[in-house]
Amino acid sequence: MTTNMRYKSRIIKTEDSEDKQYVGFATLPNQVHRKSVKKGFDFTLMVAGESGLGKSTLVNSLFLTDLYKDRKLLNAEERISQTVEITKHTVDIEEKGVKLKLTIVDTPGFGDAVNNNECWKPITDYIDQQFEQYFRDESGLNRKNILDNRVHCCLYFIPPFGHGLRPVDVEFMKALHERVNIIALIAKADCLTPNETKKLKDRVRDEIERFGIKVYQFPECDSDEDEEFKQMDKELKECTPFAVIGSNTVVEARGQRVRGRLYPWGIVEVENQSHCDFVKLRNMLIRSHMHDLKDVTCDVHYENYRAHCIQQMTSKLAQDNRMDSSIPILPLPTPDAETERLIKMKDEELKRMQEMLEKMQQQMHEKDQ
Amino acid sequence: MGGRDLFGYVGIEAVLDQMRRKTMKAGFEFNIMVVGQSGLGKSTLVNTLFKSKVSRKSCTPSYEEKISRTVHLKSVSHIIEEKGVKMRLTVIDTPGFGDQINNENCWDPIVKYINEQYEKYLTEELHITRKRRIPDTRVHCCVYFLPATGHRLRPIDVEFMKRLGKIVSIVPVIAKADTLTMDERLDFKQRIRQDLQASGIRVYPQKEYDEDVEDRIRNDKIRENIPFAVVGTDKEHQVNGNKVLGRKTKWGIIEVENVAHCEFANLRDLLVRSHLQDLKDVTHYIHYETYRVRRLNESNASVSGLSALPLENGITEKYEAQSQL
């Protein structure tokens, strides 16, 4: 209402020449915003690292949920025969009308065995599978309801106990840096003094550079951003890898209830910037760079995979047919009317089910209130 | 045993004084091995235990914290003295253990080293003219460092302790324990004890070697508390007007010798103040004797005197089968 009235008053007040030059597409960002809010966002986050580095606790702290309620810890005998698994937990979160479908991909068993040769292979296979599925969907006939399961970001947990990157850390990151955005974190940072934290961060940064590991780079600030934002951005970049602490419990510190860990010698506050970099990680991951992570996944990693795939297909075709085929064709059968009808039916069914689910969620939400 | 009551002072108790003087003159030897992944604070803990720079790190001038590709064993010896009592302390470090991607059989060099020391001692003992005091390089205690994950024992921990618990006294500790809250610490310790029992691993102090009720009570208290959650440091800070060994963080100072903060003091008491002689005795009378019996049986079976190589592994059914021939 108010915008309309303001607009009207502006029409009355402005001169004719200005009126002629105002077309109105400046409202496009608002339209995009409204549409996105209606549609909702999705984000797939992978967490990787050895057992016991606080991955689950950190994910719970980041998204203020409890995703791992019924988890059972395997004992040592069971662990000896355990292989690396991939588990997915999906949760729908809503904040101020904006819906986020968050998927956490966990990798239990990574790095836990005595012999960890190629323990990252199940993980790279999973990421490639998601790319392949998206590739097929994208090249398919009906592209309305493509599910995007591609991994947008991988948080890799480095133990704070060592003196830098271990061989398994280097090999894992090198296997994944061209498939997914890697953000390296120093886990359980409450066992490090400030000096030790700094030394370890410097060491890890040097080794990442030395081994040629391409971790996720923050995009450069636009030159027209204000000074405060530029300063924050600079601080963020110098702070990597982030030294994080997570907590599932709320403790009382300095008269307030905060997320933290209670020790006999003091209280570690997770959201205190002088204690750890949790706030920086959260801001970066959720508040400022979530969309950029998705863009880089689509524009860089997925395109790399796609180009690689198409190249392989063309070379295979060339080998088979002994001629140059200019357009790479996917080995899809030409659909007949029957298959097309089936596809349409399935799509409508999917849409109906999604709407029903939403209605049910709304009802449950209203019931809780 | 029916004793006779003395009706006067004889002076038998002066034997204790004589023993004391002799041992003080001769000095003690203590060989401690530290095993664990790189970065768990092994060198720092050893320095803190003996309040001097005795670890390999402090002794090598060009020390670099690089992960080595194979497991080597490096030993450093020092003579430290306190109130006239001299101790020759040897610290055996095991860099490279558990640091590779494939850690299979990374415990083999360690088993080999321990058996070699037993072999050396045995060879000396069997000489016709023996030295008055055989130099004792046998490993009296192996401190195994567990990372403070808060979950359970890892497969590599189980494999290592299973094999080595049979030939040496293992004392497991939770390293860098300042990342666990008190509740997490208790849960972790309980799960570790369960895992140890389930895998049949015997750590020091072993139940079977308790000699009497007094020992049992004392050792039971220790057994309920292992593995000790330790924090080590060589830096001092001011706390309440006292200088204490501690780690200073933004949220407080972790006092290493404060039993409310960590169990370093308990570990030190166990290793140095109360059970040092017991560790040596268990090594000599139990582990060494087991090795010796096996060796001599094996040499009997082959009827050719001692072979040149020490046993490869603690348990070898092959030799036992031979000895039954």
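Just so you know, these numbers come straight off a predicted model, no measurement behind them. Starting from 1, residues in each chain are numbered consecutively following that chain's sequence as written. Each chain gets a letter, beginning with A, and each ligand a number, beginning with 1, in the order they are written. Residue-level local features of this predicted model are given only where pLDDT is at least 70; pairs of side-chain atoms are given and counted only at 80 or more, and the full residue set underlies all totals for whole chains, interfaces and linings. Excluded from the side-chain calculation are hydrogens and water; included are all heavy atoms of the structure.

Enquirer: Can you lay out the overall build of chain A for me, pointing to particular residues and giving the numbers?
Expert: Helix and strand assignments come from DSSP, with helices taken as H or I runs of at least 4 residues and strands as E runs of at least 2, each series counted from the N terminus. The secondary structure content of chain A amounts to 12 helices and 9 strands. When accessible area is computed with a 1.4 Å probe and restricted to protein chains, residues below 20% of their type maximum are described as buried, those above 50% as exposed, and intermediate ones as partly exposed. By residue count, 40% of the 369 residues in chain A fall in the buried class. Residue contacts are counted whenever heavy atoms from the two residues lie within 4.5 Å of one another. Considering only intrachain contacts with a sequence separation of at least 6, the fraction spanning at least 24 residues in chain A is 67%. In this description, accessible areas are obtained by the Shrake-Rupley approach with a 1.4 Å probe, and a residue is regarded as covered only by the protein chains that are shown. Accessible surface, chain A as shown: approximately 22900 Å² in total, 51% of it carbon and sulfur.

Enquirer: So what about the packing of aromatic side chains? Which residues, and what values?
Expert: Residues and elements named next belong to chain A. The rule is short: rings of Phe, Tyr and Trp, with Trp giving its six-membered ring, pair when the centres are within 6.5 Å, and they are stacked under 30 degrees, edge-to-face over 60, tilted in between. For the structure shown, the criterion picks out 13 aromatic pairs over all chains. Ring centres 6.2 Å apart and planes at 85° place the aromatic pair F110 and Y156 in the edge-to-face group. Note that F110 is positioned in the loop between β3 (98–106) and α6 (121–138) and Y156 in strand β4 (residues 153–158), a separation of 46 residues in sequence. For F110, a relative accessible area of 0% gives the class buried. A residue is classified by how much of its surface remains accessible, and Y156, at 0% relative accessible area, is buried. Every member of this aromatic cluster is reached through a ring pair, and the members are F131, Y134, Y302 and Y305.

Enquirer: Provide a residue-level description of the confidence of the model for chain A, including the pertinent values.
Expert: Scored between 0 and 100, pLDDT is the confidence that the predictor attaches to each residue. Mean pLDDT over chain A stands at 80; residues scoring 70 or higher make up 84%. Across chain A, β4 of chain A holds the top mean pLDDT of 93, while helix α1 (residues 2–13) of chain A sits lowest at 50.

Enquirer: How would you explain the confidence of the model for chain B if you had to name every residue and give the values?
Expert: All names here are of chain B. Residue-level pLDDT values for chain B average 83, and 88% of them are 70 or greater. Every residue in residues 314–325 is under pLDDT 50, and counting partners more than four places away or in other chains gives 11 contacts. Both scores are available for the predicted complex, with the pTM at 0.79 and the ipTM at 0.79.

Enquirer: Got a sec to walk through a positive patch on the surface? Specific residues and values, please.
Expert: Residue and element names in this part refer to chain B. Taken together, R21, K22, K25 and R132 make up a surface patch of like positive charges. Inspection of the secondary structure puts K25 in helix α1 (residues 14–26). Overall, the relative accessible area of 75% leaves K25 in the exposed class. Patch membership is restricted to residues that have no salt bridge and whose relative accessible area is over 30%. Joining uses 9 Å for like charges and 5 Å for the nonpolar side chains Val, Leu, Ile, Met, Phe, Trp and Tyr. We define a salt bridge as a side-chain nitrogen of Lys or Arg found within 4 Å of a carboxyl oxygen belonging to Asp or Glu. For this count, His and the chain ends are skipped, Lys and Arg are scored as positive, and Asp and Glu as negative. Where a charge lies is defined by one atom per residue type: Lys uses NZ, Arg uses CZ, Asp uses CG and Glu uses CD.

Enquirer: An account of the nonpolar core is requested, with residue identities and associated values reported.
Expert: By size, the foremost hydrophobic cluster in this structure holds 155 residues, and its most contacted members are L155, F172 and L285 of chain A together with F160 and M161 of chain B. The element that contributes the greatest number of residues to this core is helix α4 (residues 108–126) of chain B, accounting for 7 residues. Ignoring anything within four residues of it in the chain, the contact list for F172 of chain A reads A48, F110, W120, I123, C154 and Y156 of chain A. Here the nonpolar core consists of buried residues drawn from Ala, Val, Leu, Ile, Met, Phe, Trp, Tyr and Cys, with membership extended through side-chain atoms lying within 4.5 Å.

Enquirer: Could you give an account of the pattern of salt bridges, with specific residues and numbers?
Expert: Under the criterion given, the structure shown has 38 salt bridges over all chains. With its nearest N and O atoms 3.3 Å apart, the salt bridge here joins R282 of chain A to E271 of chain A. Within this pair, whereas R282 of chain A is found in helix α10 (residues 278–288), its partner E271 of chain A is found in the loop between β9 (266–269) and α10, the two being separated by 11 residues in sequence. Each member of the salt-bridge network shares a partner with another, and the members are E257, R268, D269 and R273 of chain B.

Enquirer: Could you give an account of the interface of chain B and chain A, with specific residues and numbers?
Expert: For interface size, the figure often reported is the accessible area lost on association. Contacts between the two partners involve 46 residues from chain B, matched on the other side by 46 residues from chain A. Simply put, the buried area is the total loss of 1.4 Å probe accessible area from both parts when two parts are fitted together. Each partner contributes to the roughly 4000 Å² buried at the junction of chain B and chain A, and carbon and sulfur atoms together form 59% of this total. The largest contributions to the chain B side of the interface with chain A come from I101, P155 and W251 of chain B, which together make up 23% of the buried area. Close ionic contact of R247 of chain B with E196 of chain A constitutes a salt bridge, the shortest N to O distance being 2.8 Å.

Enquirer: I'd like to hear about the environment of I286 of chain A, residue by residue, with values.
Expert: Within the fold, I286 of chain A resides in helix α10. Those residues in contact with I286 of chain A, other than ones at most four positions away along the chain, are L62 and F63 of chain A.

Enquirer: Any chance you could break down the sheet that holds strand β9 (residues 252–255) of chain B for me, citing the residues and the numbers?
Expert: Residue and element names in this part refer to chain B. Strands qualify as paired when DSSP identifies two bridges or more between them. Ordered in space as β7-β8-β9, the 3 strands form an open sheet in which the pairing is antiparallel. Looking along the sheet, the strands with just one partner apiece sit at the ends: β7 (236–239) and β9. Taken over all neighbouring pairs, the strand axes of this sheet differ in orientation by 65° on average, direction set aside. Two strands pair when backbone bridges link them, and β7 and strand β8 (residues 242–249) are joined in this way by 4 bridges, in the antiparallel orientation. By the bridge assignment, H237 is partnered in β8 with V244. What counts as an axis is a line fitted to C-alpha atoms, over the stretch in contact for a helix, and the angles between N-to-C directions run from 0 to 180 degrees.

Enquirer: So what about the pairing of strand β4 (residues 141–147) of chain B? Which residues, and what values?
Expert: Residue and element names in this part refer to chain B. Where burial is concerned, most of β4 is hidden: 7 out of the 7 residues are buried. Burial along β4 is two-sided: C141, V143, F145 and P147 and C142, Y144 and L146, pointing in opposite directions, are all buried. Between the parallel elements β4 and strand β5 (residues 170–175), the chain passes through helix α5 (residues 155–164) in a crossover that is right-handed. If the strands point away from the viewer and the path from the first strand over the helix to the second runs clockwise, then the crossover is right-handed.

Enquirer: Got a sec to walk through helix α4 (residues 55–63) of chain A? Specific residues and values, please.
Expert: All names here are of chain A. When you tally the buried positions in α4, you get 8 out of 9 residues, the bulk of the element. Among the residues of α4, K55, S56, L58, V59, N60, S61, L62 and F63 are the ones counted as buried. Residue L64 follows α4 closely and has a positive phi angle near 50°.

Enquirer: Explain α5 of chain B residue by residue, including any values.
Expert: Of all 10 residues in α5 of chain B, 8 are buried; the element is thus mostly enclosed. Looking only at α5 of chain B, the buried set comprises P155, I156, D157, V158, E159, F160, M161 and L164 of chain B.

Enquirer: Pulling in residues and values, what's your account of unusual backbone geometry?
Expert: The phi torsion of most residues other than glycine is negative, and most of the peptide bonds are trans. The peptide bond linking T240 of chain A to P241 of chain A adopts the cis configuration, its omega dihedral lying at -10°. Looking at the secondary structure, you find P241 of chain A in the loop between α9 (227–238) and β6 (242–243). Following I226 of chain B, the chain continues to P227 of chain B via a peptide bond in cis, the omega torsion being -5°. For P227 of chain B, the position within the fold is in the loop between α7 (213–223) and β6 (228–229). The phi dihedral of K83 of chain B is positive, around 50°, even though this residue is not glycine. Structurally, K83 of chain B is set in the loop between β2 (74–82) and β3 (85–93). A positive phi angle, near 45°, is found at K176 of chain B, a position not held by glycine. By secondary structure assignment, the location of K176 of chain B is in the loop between β5 and α6 (182–198).

Enquirer: Describe a negative patch on the surface, naming the residues involved and giving the relevant values.
Expert: Residue and element names in this part refer to chain A. On the surface, a cluster of negative charge is contributed by E225, D226, E227 and E228. Here E227 shows up in helix α9. The class of E227 is exposed, set by a relative accessible area of 60%.

Enquirer: Requested: an account of the packing of α4 of chain A against α10 of chain A, with residues and values cited.
Expert: All names here are of chain A. Viewed as axis vectors pointing N to C, α4 and α10 meet at an angle of 65°, and their least axial separation amounts to 10 Å. Taken as axis vectors, α4 and α10 run roughly perpendicular relative to one another. Taken as a pair, α4 and α10 cross one another with a handedness that is right-handed. Taking contact as the criterion, the partners of L58, S61, L62 and F63 in α4 are, on α10, F278, L281, R282, L285 and I286. Gly falls in the polar group here, along with every residue not listed as nonpolar (Ala, Val, Leu, Ile, Met, Phe, Trp, Tyr, Cys, Pro) or charged (Asp, Glu, Lys, Arg). Residues belonging to the contact of α4 with α10 are distributed by class as follows: 7 nonpolar, 1 polar and 1 charged. Small angles under 35 degrees read as roughly parallel and large ones over 145 as roughly antiparallel, with 65 to 115 read as roughly perpendicular and the rest as oblique. Take the far helix as the reference: if the near one is turned anticlockwise from it by less than a right angle, the crossing is left-handed, and if turned clockwise, right-handed.

Enquirer: With reference to specific residues and values, describe the packing of helix α2 (residues 42–49) of chain B against helix α8 (residues 264–274) of chain B.
Expert: Residues and elements named next belong to chain B. One way to put it is that α2 packs onto α8 with a least axis distance of 11 Å and a crossing angle of 65°. Viewed along their axes, α2 and α8 adopt a mutual orientation that is roughly perpendicular. Judged by the sense of rotation from one axis to the other, the crossing of α2 with α8 is right-handed. Between α2, through L45, T48 and L49, and α8, the contact on the second element is made entirely by F264, L267, R268 and L271. A class-by-class count of the residues in the contact of α2 with α8 yields 5 nonpolar, 1 polar and 1 charged.

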